[in-house]
Amino acid sequence: MVTCLLWADMDSAGFAQAFLQYALIGLTNGALFALVALGYTMVYGIIELINFAHGDVFMLGSFLALTLIGALAGLGWNWDDPAMLCAGIGMLLVVVPIFCAAVNVSIDRIVYKPLRTAPKLAPLVSAIGVSFLLMNVGLLWGGAADRHFPDLVSRQNLLGEGAAIGFTVKDLMVVGITVPIMIALTLFVRLTRLGKAMRATAQNPVAAQLMGINVDRVIALTFAIGGALAGAAAVIYGLYINTVSYQMGFQNGLYAFTAAVLGGIGNIPGAVLGGLVIGLARAFGSAYVGERWTSALVFVILIAILVFRPAGLLGTRTREKV
Amino acid sequence: MSTPRDRSFSMEWFYLALVLIYPLLVYPENALFRWTEISLGMQLTYIFIYAILALGLNVVVGFTGLLHLGIAAFFGIGAYITGILNVPAYPFQIGFFWSMVCSTLGAALLGVLLGAPTLRLRGDYLAIVTLGFGEVTRFTLRNLEEITAGTRGLNPVPPPVLPAALAPPLEAIGILPDWSLDYRLFYYLTLGILLAVILLLRNLERSRLGRAWVAIREDELAATCMGINAARVKLSAFALGCGLAGLAGSLYATTLTSTAGPDAFDFNRSIIMLCCIILGGLGSIRGTLLGVVLLIGFDNILAPMLDGMLQNANINPNGSPLLTFSSWKLAIFGLALILMMRFRPEGLLPSRHVEAELLTKRPLGHPRAGTT
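Rules used in this analysis
Residues numbered from 1 in each chain as written. Chains lettered and ligands numbered in written order. Predicted model: local features only at pLDDT ≥ 70, side-chain atom pairs only at ≥ 80, totals over all residues. Helix = DSSP H or I, 4+ residues; strand = E, 2+ residues; numbered from the N terminus. Rg over C-alpha atoms; globule rule 2.2 N^0.38 Å. pLDDT = per-residue confidence, 0-100. Contact = placed C-beta atoms within 7 Å. Axes fitted to C-alpha atoms, helices over the stretch in contact; angles between N-to-C directions. Parallel < 35°, antiparallel > 145°, perpendicular 65-115°, else oblique. Left-handed = near helix turned anticlockwise from the far one by under 90°. Nonpolar A, V, L, I, M, F, W, Y, C, P; charged D, E, K, R; others polar. Buried ≥ 20, exposed ≤ 12 C-beta atoms within 10 Å, placed from the backbone.

Colleague: Any chance you could break down the overall build of chain A for me, citing the residues and the numbers?
Modeller: Counting its secondary structure elements, chain A contains 11 helices and two strands. Along chain A, helices (α) and strands (β) appear in the sequence α-α-α-α-β-α-α-α-α-β-α-α-α when read from the amino end. For chain A, the C-alpha radius of gyration of 21 Å lies close to 20 Å, the compact-globule estimate for 322 residues. Along the first, second and third principal axes, the C-alpha atoms of chain A reach 75 × 55 × 40 Å.

Okay, here's the thing in structure tokens:
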């Protein structure tokens, strides 16, 4: 009885601490999901396609990052030196997104573009096909087993060694890269001419075309941005999680996609919010429900949201066009 | 006068006869087995089971136009119900026939429970809900170790009891009346059930309900205006599709003598089944069967056969993954899907309805109410 009370007393302080810790972990992971989710949501917003291949573009990006890190180390790049590490990550954050953007735009050009006027099932099935194809590329590139991604960023706690709550350099890296990217994207879509063109195309492609917007270019741009975000996410994911495999695109793609739907698919702030919610749900789920149930929990949330609020958290209910 | 329709009709009888007679000619099976170490008859048995699964999916996706991405979950639920009702670890042991009935009804019931709140969702959202449900089911099967034995799966699932009266006539045509010794018992059992399912669906397709399904697929709004209760019609398609998947799952567990692990019922399985019906032709029973034979046949028979031949020919002594067929399987599936959608979206053996629907273009940015 006494021990029980004592335990409860200690727990209230410990509980708050643990709670904060899980919230931090959740938000950091969520920021990563959000980056991938943005790619899904932007593409869906414009051509109403669930781009199943998006997660696999993300996977290829992480393999490219892995290969590049190895190749640079072979050339004598010292990843332990902080300055060279920063420069190296900076370079990865340029090269990998460009690669992923190029892959994504090529996919759109070669596979989806000829199907623009076909019934919606056709591009969807093609997207699944592309996903399989890219997974096979990943399988031949990285092998069937999980690959270790070098643990380059330190796990030193920024709040001081032995502090009750851990916020490591690694966590800072994730937040420090993802947040500016998301802010930049929002400003781009809100304020620039191209961003305006994107919003117009998402609203009504035909009207946008009549207003002189080159719809094909806007769609290509959307795929490029989505791919670049996935590329950036791939680099950060590798450095943060340290394990990559050819199947990770599928799993993380599903979470990211869930995030996009949760926020209201097609809605950019919604994808960010959805990503954070999914990250938090996974962190709290593994803490309070059990690690092995977290994935199921994410999908239960997804189903519940779709049943009770099909438009997502931030989406507005659209009337079906007849 | 011989129209193409007549010709295909007679070809059907030809294929049916072929499938019926193949196991009775012992020679081809034995020769194939010696050459490639693959029992074609056993693999065909699995193809029949997958055909039932694909036909179930075809009711939902092909006839009714509801994109279902979690059919493997219902397949798995069927397998696990049969497992629980039959393995020695549980006290039920109700036998093959009743567990088959329970699997079918159980999966259909779950389909209704999932469908009732979600079938009003728009196409893409429904696809996501079914996908999510599939994943939840897989994780649940894996995590409820006390009930499902986790990743090991439930086994052994005992074979059906053969009526004593059937044994002598079977022996007369050279079939051993022992399920574990002679694959042909399962072969004919699954083939028989598959034929019954095909008959049922053929009749349903032309019934009032079948026409209502197609009407919903073509234009839900118009169908509703014509007095069709869309919710009930969709739900019936969902229940039937999921029930058939449960039936296939029950047969799968019985044939395999195990429920396999939860990962046998993952998203990939759902997608491969979807590929089968799309390749063959959405909404077409003949097309679905063709798609299953081509894709599952490639996956389970041709790829391992070619791999075995490559290995025997000693072309690939270092075991490089680039030189095995299995490591290109995903790419071949993927390319097949992409090329089909590009050049023959209606499938290899399309139903006339879907063909007409797919050949009308949709203006950019104007979602058609039809398929998906």
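Colleague: Help me get a handle on the confidence of the model for chain A, residues and values and all.
Modeller: Summarising the model, chain A shows a mean pLDDT of 87, and 94% of its residues fall at 70 or more. Confidence drops under a pLDDT of 50 for residues 1-9 of chain A, and excluding neighbours within four residues, the segment shows zero contacts in the predicted structure.

Colleague: Explain unusual backbone geometry to me, and be specific about the residues and the numbers.
Modeller: Here the residue pair asparagine 155 of chain B and proline 156 of chain B is connected by a cis peptide bond, since its omega of 0° sits within 30 degrees of zero. In this fold, proline 156 of chain B is placed in the loop between α7 (145-148) and α8 (167-172).

Colleague: Explain the packing of helix α2 (residues 54-74) of chain A against helix α4 (residues 121-142) of chain A to me, and be specific about the residues and the numbers.
Modeller: In a packed pair of helices, the relevant descriptors are the angle between the two axes and the axis-to-axis distance. All names here are of chain A. The geometry of α2 relative to α4 is characterised by a closest axis approach of 9 Å and an angle of 20° between their N-to-C directions. On the basis of their axis angle, the class for α2 and α4 is roughly parallel. In terms of crossing hand, the pair formed by α2 and α4 is left-handed. Residues Asp56, Val57, Met59, Leu60 and Phe63 of α2 touch α4, and the partners they reach there are Ser131, Leu134, Met135, Val137, Gly138, Trp141 and Gly142. Considering only residue class, the contact of α2 with α4 consists of eight nonpolar, three polar and one charged.

Colleague: Account for the environment of alanine 196 of chain B, with residues named and values stated.
Modeller: Residues and elements named next belong to chain B. Along the chain, the position of alanine 196 falls in helix α9 (residues 184-205). Judged by C-beta crowding, with 12 C-beta atoms within 10 Å, alanine 196 ranks as exposed. A sequence separation of 142 residues divides alanine 196 from alanine 54, and the C-alpha atoms of the two residues are 14 Å apart.

Colleague: I'd love a proper account of the interface of chain B and chain A, names of residues and values included.
Modeller: In this assembly, 45 residues from chain B lie in contact with 42 residues from chain A. It is helix α6 (residues 123-143) of chain B that contributes the most residues to the side of chain B that touches chain A, 11 residues altogether. Within the side of chain B that touches chain A, the residues separate by chemical class into 27 nonpolar, 11 polar and seven charged.

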